[in-house]
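Structural overview for review
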Amino acid sequence: MNQNIAIISIASLLLSACATLLGPSAKPGIDLAQQGDYDAAMQYYQQIIEAGEANGKIYRHAYEAAFNLEAFDEADELYAAAIEAGFSPDSMRSLAVELWYNRAKTALGQEHWQTATYAAGRIKEIAPESKPDKFCQHMLQGKALYDKGSTRQLWDAVGEFTLAANHDEKSGLPYLWLGRTRYKNDRMNYDAALQEYDKALEIEPGSVWSQTAREESEKIRAVRDKMKSFWGS
């Protein structure tokens, strides 16, 4: 019995020593973040940071929590602190690109152009000429050409959106805008536009823009069917 107690005591000491060497655990904060409670996660990390016990992993997860709270200035400070504390610069760069890219695509889908442009700019700073950078730049350039609206500019917009699609096969957004652009360029070429809409919804059926895409495609189908009925073909 005494031997068992001694073994347990030694194990406890070893675990305590390991915790001291490794620093505080990020897991409670990670669990809170996974539940969507970024405020509570941030409070957990801040307590550790204020106690002077933070390691690179704590700063890394604090950065992600601050980012998701849209506290971007604080996030930038935590990003630098994570690297200074020994967390991999490449890993931090990859994380930052992932977060900004998700934000950019959400903003593009919601047509929040100022937010999308800012996020795209941050991606360009962190990872110029990367696929996320090229995707965002082609999408924004395509939208600018779409808005100008001449026949030549609309064809150029088709080219930009096609290039964007090549840089992210998991995004349906370029196809949504290809559908819009083809329909704006030729109101009688229903099938070409609808093919793009269908592709967009096939790739991302549950996206933030999917309901809008369905409504737009249904209107085009209704016009097409009405014209076919009128002309008898």
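The paragraphs below set out a description of the structure included in this document. Throughout, residues of each chain are indexed from 1 in the direction in which the sequence is written. Only residues with pLDDT of 70 or above have their local features reported here, since the model is predicted, and side-chain atom pairs are shown and tallied only from 80 upward, although totals for entire chains, interfaces and linings are computed over all residues. Computation of side-chain values: all heavy atoms of the structure, hydrogens and water removed.

1. Topic: helix 7 (residues 113-126)
How we decide: Helix numbering and strand numbering both begin at the N terminus, where a helix is a DSSP run of H or I of at least 4 residues and a strand a DSSP run of E of at least 2. To estimate the expected span of a helix, count its residues, drop one, and scale the result by 1.5 Å. Partly exposed describes any residue whose relative accessible area lies between the buried limit of under 20% and the exposed limit of over 50%, with all areas from a 1.4 Å probe on protein chains only and scaled to the type maximum. This arc is taken over the directions from the axis of the helix to the C-beta atoms. Residues count as neighbours in contact if any of their non-hydrogen atoms are within 4.5 Å of one another.
Compared with the 20 Å implied by 1.5 Å per residue over 14 residues, the 20 Å span of helix 7 between its first and last C-alpha is a close match. If you check which residues of helix 7 are buried, you get A116, A119, A120, R122 and I123. End-on view of helix 7: buried residues confined to an arc of 160°, all on one side of the axis. In this structure, helix 7 carries Q114 and E125 as exposed residues pointing more than 90 degrees from its buried face. In the core, the buried residues of helix 7 are packed alongside helix 5 (72-84), helix 6 (89-110) and helix 8 (131-148).

2. Side note on the environment of G179
Considering the arrangement of structural elements, one finds G179 in helix 10 (residues 173-185). The residues contacting G179, other than those within four sequence positions of it, are A193, E196 and Y197.

3. Structural notes on the side chain of D133
Relative to the helices and strands, D133 is located in helix 8. Among the residues examined, D133 registers a relative accessible area of 2% and is labelled buried. Each residue touching D133, except ones within four places of it in the same chain, is listed here: I123, K124, A127 and P128.

The quantities given are spatial measurements derived from coordinates; they are silent on function.
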